[in-house]
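Close look at the chain arrangement
Here's the letter readout for the chains.
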Amino acid sequence: MTNTKSHRIGFYILIAVAVAAGWIVASGIALYVRGTQLLTILPEEQARQDAAFGADITAARDSLGNEARRSFYTPPLLHPAPCTQGIPQPAAISARSAVVMDAASGALLFEKNPDQSIPPASLTKLVAMYTVMQAVERGEISLTDTITPPAESWAVNIPSGSSLMFLGKNQRVTVEELMRGMAVVSGNDAAVALAIYTAGSVETFVRQMNEAVAALGLQNTRFEDANGLSEYNRTTARDFARFCAVYVRKYPDHLAQFHSLREFSYPQPHNMLKAQTIIRQPATNTLLGKLDGCDGIKTGFIYESGFNIALTAQRNGIRFIAVILGGAGKSMAEGKALREENCSILMEWAFSHFSTRYAQNFPLDIPAIPVVGAKEQANRTALLPLPDDPGGNGGAFTVPLSGTELNGTAENTAEIHLRILVPGALAAPITAGEKIGKVQFFTEDEGKPLVLAEFPLIANKTLEKGSVLRWKYDNLALKLHRFLNRR
């Protein structure tokens, strides 16, 4: 009897052990399967990541359906870029203030008294052109509009000795021609005509100019007129370089359409209501055709400021911007010669020591990130980080050139490495566009890593938070999966 009872108890224990073992095995399998699901990437998500990395990095955020960043972000230019470390400074320039930057990345490469307040002189007309284009974009005016120059804008009513496109009575001129007259020969009369046509009065137009630069965050720039003749217009080399970066990026066609033209003739026959003399003038930017790759932007001079210039040049797809204020010169000839010399020094230095690279041109092997505790199905929770560029620079960053590149014998820069920093797992909730990691690009400087650029990696979708039990279960599943798959 006792033996039978013992056998029965043993049988029940064996059944219990088998059931427990089966439950443990089943639970383990279920946990392992869920861990696998937590790491599953859907094909459509993989395709979207591949497309994002192969395209403009700034398009990644838009693909999430979120509000797009500003397309024409104003670079801060607060500190010299990391790529300048160890790079020798350019030869001394005679101007009071200067800034050199990479137009694509927004990197500050050189500065000399960048925050000294100086009248911009005719650099003012660049902001006037920008303000006109804002009115065009709002649909208030068109570049093809034809106007009769108001008397206030006639050359005879503009201060003697100033630059002119020679507007006068019995003329008809388009908005585009006025823009060209401002850009090429720095027509003060053209600036007045455009201000009145665009805003109804010079005063209202100047207010719009000030609103435009304030919207770009240029706190040290302010205007009293539309053409730059006033000594009370103020800017800094840092501020104006920031403006030029926006202008060149927003209106790249202006360089060929306006700023790279080497001469200007006006009035043309179609401008004349009565026969008049055609006046042919060379561009005020004397570096066009002299400095390799130079295609803009604008010169300026009044006695209170000295010889100013906002210059840009492009070679092999690399574009730099230089702003030089307060150039020296005891005569017009000497001032222009020194301005050319200063520009050549800074631009040749930039092209000799720096280049631009783009994040999407590097192979990025970014792992999937599991998300625990999400409300969604497990096989739809893993995140594939997408690249983002808060600076709106298209993934551009500036790198130092290698010695071989300086000698023209190689196209590569000093070797660029990258590292991807992401967490092993995340917890729900997650919002699309949320920063979840970063990718760094670096080079070696005396055996130490020098980080040249860093871009955020953002979540590619939104995941809602599930229950606490779901969070604990997912954590256990992920740990088991990783334990069984470790090498």
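Keep in mind it's a predicted model, so treat the numbers as computed, not measured. (Residues numbered from 1 in each chain as written. Predicted model: local features only at pLDDT ≥ 70, side-chain atom pairs only at ≥ 80, totals over all residues. Heavy atoms only, no water.)

1. Digging into the overall build of the chain
Quick note on the threshold: Numbered from the N terminus, helices here are DSSP runs of H or I no shorter than four residues, and strands are runs of E no shorter than two. Throughout this description, buried means an accessible area under 20% of the type-specific maximum (1.4 Å probe, protein chains only), exposed means over 50%, and partly exposed covers the range between. Here a residue-residue contact requires only that any non-hydrogen atoms of the pair lie within 4.5 Å.
The secondary structure content of the chain amounts to 12 helices and 17 strands. The proportion of buried residues among the 487 residues of the chain is 50%. A separation of at least 24 residues holds for 71% of the contacts in the chain among residues at least 6 apart in sequence.

2. Section: the confidence of the model for the chain
What counts, and what does not: The predictor rates its confidence in each residue with pLDDT, a number between 0 and 100.
Looking at the chain, the pLDDT average stands at 88 and 86% of residues meet or exceed 70. Contacts for the low-pLDDT stretch residues 66-70, under 50 throughout, to residues beyond four places or in other chains number 10 contacts. Scored below 50 in pLDDT, residues 404-411 makes 11 contacts in the model with residues more than four places away or belonging to other chains.

3. Describing empty space enclosed by the protein
To keep things clear, this is the line we draw: Any residue with an atom within 4 Å of a point lines the site, the site being either a cavity, points on a 1 Å grid over the protein atoms alone where a 1.4 Å probe fits but cannot get out, or a pocket, an open set with protein on both sides within 12 Å along at least 5 of 7 lines. Grid points are joined across faces, edges and corners, and a volume is the space filled by probe spheres set on the points.
Scanning all chains against the criterion turns up 1 cavity of 30 Å³ or more. Considered as a void within the structure, the largest cavity measures approximately 40 Å³ in volume. Contributing to the lining of the largest cavity are A183, V184, H259, A283, T284, N285, L288, I297, K298 and T299. Per element, the largest residue contribution to the lining of the largest cavity is 3 residues, and it comes from strand 7 (residues 294-302).

4. Some points on the packing of aromatic side chains
One pair of aromatic rings is described through two measures. These are the centre distance and the angle between the planes. In plain terms, the rule: Here a pair means two rings of Phe, Tyr or Trp (six-membered ring of Trp) with centres within 6.5 Å. Their orientation is stacked below 30 degrees between planes, edge-to-face above 60, and tilted elsewhere. Here, over-ring charges are defined by two tests on the NZ atom of lysine or the CZ atom of arginine: distance to the ring centre within 6 Å, and angle to the ring normal within 35 degrees.
Evaluation of the coordinates by the stated rule reveals 16 aromatic pairs. By way of ring pairs, the aromatic residues Y130, F240, F243, Y247 and Y251 are connected into one cluster. Taking the ring centre of F442 as reference, the NZ or CZ of R419 above it sits at 4.6 Å.

5. A short note on a nonpolar patch on the surface
Heads up, the condition is: Exposure above 30% relative accessible area and no salt bridge define the residues that can form patches, which grow by joining like charges within 9 Å and nonpolar side chains of Val, Leu, Ile, Met, Phe, Trp and Tyr within 5 Å. Method for areas: the Shrake-Rupley scheme with a 1.4 Å probe, in which residue coverage is limited to the protein chains shown. Counted as salt bridges are all cases of a side-chain nitrogen of Lys or Arg within 4 Å of a carboxyl oxygen of Asp or Glu.
A grouping of I9, I13 and V17 is seen on the molecular surface, where their side chains present a nonpolar patch of about 270 Å² in accessible area. Along the chain, V17 falls in helix 1 (residues 2-38). In this structure V17 comes out as partly exposed when scored by relative accessible area, which is 49%.

6. As for the sheet that holds strand 2 (residues 108-112)
We count it as follows: Two strands are said to pair when DSSP picks up at least two bridges between them. Note on definitions: angles span 0 to 180 degrees between N-to-C directions of axes, and those axes are lines fitted to C-alpha atoms, for helices only across the stretch in contact.
As summarised here, the arrangement of the 5 strands in space is 2-1-9-8-7, forming an open sheet in which the pairing is antiparallel. The sheet is open, and its two borders are formed by strand 2 and strand 7, each paired with just one other strand. In this sheet, adjacent strand axes meet at a mean angle of 5° when their direction is disregarded. Looking at chain direction, strand 8 (residues 306-315) and strand 9 (residues 318-327) are connected through 8 bridges and run antiparallel. In the sheet register, Q314 faces strand 9, and the bridge partner there is R319.

7. Quick word on the side chain of D389
This is how it is decided: Think of it this way: Lys and Arg go in the positive column, Asp and Glu in the negative one, and His and the chain ends go nowhere. Polar contact is the term for a pair of N or O atoms within 3.5 Å; when the atoms are in protein, one must be able to donate a hydrogen and the other to accept it, and sequence-neighboring residues count only if both atoms are side-chain atoms.
Inspection of the secondary structure puts D389 in the loop between strand 12 (386-387) and strand 13 (396-400). For the buried D389, which has no salt bridge, the nearest side chain bearing the opposite charge is R249, at an N-O separation of 7.0 Å. A distance of 3.0 Å separates a polar side-chain atom of D389 from the backbone nitrogen of G394.

8. A look at the pairing of strand 16 (residues 435-445)
Where strand 14 (residues 417-421) lies against strand 16, 5 bridges are found, and the strand directions are antiparallel. Of the residues in strand 16, the one forming a bridge with H417 is F442. Relative to strand 17 (residues 448-458), strand 16 runs antiparallel, the two being bridged by 10 bridges. Counterpart to V439 in the pairing with strand 17 is F455.

9. Considerations on the pattern of salt bridges
Should the charged atoms of two oppositely charged side chains come close, the side chains can pair. Taken as a whole, this structure holds 13 salt bridges when the rule is applied. A salt bridge links R238 to D115; the nearest nitrogen and oxygen atoms lie 2.8 Å apart. Of this pair, R238 sits in helix 8 (residues 237-250) while D115 sits in the loop between strand 2 and helix 4 (124-137), and the two are 123 residues apart along the sequence. Owing to a relative accessible area of 11%, R238 belongs among the buried residues under this scheme. Across the pair R315 and E348 runs a salt bridge, and its minimum N-O distance is 2.8 Å. Residue R315 is found in strand 8, and its partner E348 is found in helix 10 (residues 332-353); the two are separated by 33 residues along the sequence. Look at E348 and you get partly exposed, because its relative accessible area is 33%. Taken together, the shared-partner salt bridges in this structure form one network comprising E111, D115 and R238.

10. Let's talk about unusual backbone geometry
Only a minority of non-glycine residues have a phi that is not negative, and only a minority of peptide bonds are not trans. Across the junction of Y266 and P267, the peptide omega takes the value -5°, indicating a cis bond. Turning to its location among the elements, P267 is positioned in the loop between strand 5 (263-266) and strand 6 (279-282). For the bond running from A428 to P429, omega is 10°, close enough to zero to count as cis. With respect to the helices, strands and loops of the structure, P429 is situated in the loop between strand 15 (426-427) and strand 16. Positioned with a positive phi, F166 is a non-glycine residue whose angle comes to about 75°. Inspection of the secondary structure puts F166 in the loop between strand 3 (146-147) and strand 4 (173-174). Its identity as a non-glycine residue notwithstanding, N170 has a phi of 60°, on the positive side. Within the secondary structure, N170 sits in the loop between strand 3 and strand 4. Relative accessible area serves as the criterion here: at 30%, N170 is assigned to the partly exposed category.

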